[in-house]
Amino acid sequence: MVRTASTMMPLGTAAPDFSLPETDGGTVTLADFKDHKALLVIFLCNHCPYVKHVAEQLKLLTDEYMQHGVGVVGINSNDIAKYADDDFDAMKAEKESRGYGFPYALDEDQSVAIAYGAACTPDFFLFDADHKLTYRGQLDASRPKSDLPVTGADLRAALDETIAGRSPKAEQRPSIGCNIKWKEGNEPTYFDPNGTA
């Protein structure tokens, strides 16, 4: 595991398209969210300690904001051949165990992660009703072993501003987590094997 930070996609970027299999048996696409007030794309996985640290708050936050017209999708882009804890059957079990109400999709060829510049788990991308990026960065300042409570404060503030039609503050802190587990030879140019401090 390499401690990795978000690449911080430029604000205003249009959401890259996707069409991915999800654990409930269907396919989830960007077009599925065309009538939502906002779209939250979360790159996550099952085994990462950084995801486990925030999973309970993710469930609470997403349940709350989905009721306010926010679309949410979780995407797992890890190399499932090498990390069986993140394979499709394990994703199904994880969604059921956590009670996630959003589609949990598999990006097996990792092309969607690369299109988004996703680097770590968890990595958050929030888009407005026109699918333009308004926020990318951390859920909040809590990290495993940090003693700070997991509140979702940063992402909640950005969600509130976005669904109200306002721009979240431009100063945004990157998410920190485990690096996405890239397939050999598939590592994007932004992947730093040395990680971040």
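Look up: the structure comes first, before these words.
Residues numbered from 1 in each chain as written. Predicted model: local features only at pLDDT ≥ 70, side-chain atom pairs only at ≥ 80, totals over all residues. Heavy atoms only, no water.

Enquirer: Please set out the nonpolar core residue by residue, giving values where relevant.
Expert: In terms of nonpolar packing, the biggest core is built from 30 residues, with L40, L58 and L155 touching the most fellow members. Taken together, the elements giving at least two residues each to this core come down to β4 (38-43), α1 (49-66), β5 (70-76), β6 (104-106), β8 (123-128), α4 (153-163) and β10 (176-179). In terms of residue count, the dominant contributor to this core is α1 (7 residues). Once you skip the residues sitting within four places of it in the chain, L40 turns out to touch L61, T62, V70, G71, V72, V73, F124, F125, L126 and L155. Listed in part, the 22 residues of the second largest apolar core include L20, V28, F43 and F125. (Core = buried A, V, L, I, M, F, W, Y, C linked by side-chain atoms within 4.5 Å. Buried < 20%, exposed > 50% of the residue type's maximum accessible area, 1.4 Å probe, protein only. Helix = DSSP H or I, 4+ residues; strand = E, 2+ residues; numbered from the N terminus. Contact = heavy atoms within 4.5 Å.)

Enquirer: Give me α1: which residues, what numbers.
Expert: The end-to-end C-alpha separation of α1 is 25 Å, in line with the 26 Å expected for 18 residues at 1.5 Å each. The largest bend along α1 measures about 50° and falls at A55. For α1, the full list of buried residues reads Y50, V51, V54, A55, Q57, L58, L61, T62 and Y65. (Expected span 1.5 Å × (residues − 1). Bend = angle between axes of the 7 residues up to and from the residue.)

Keep in mind these values describe shape, not function.
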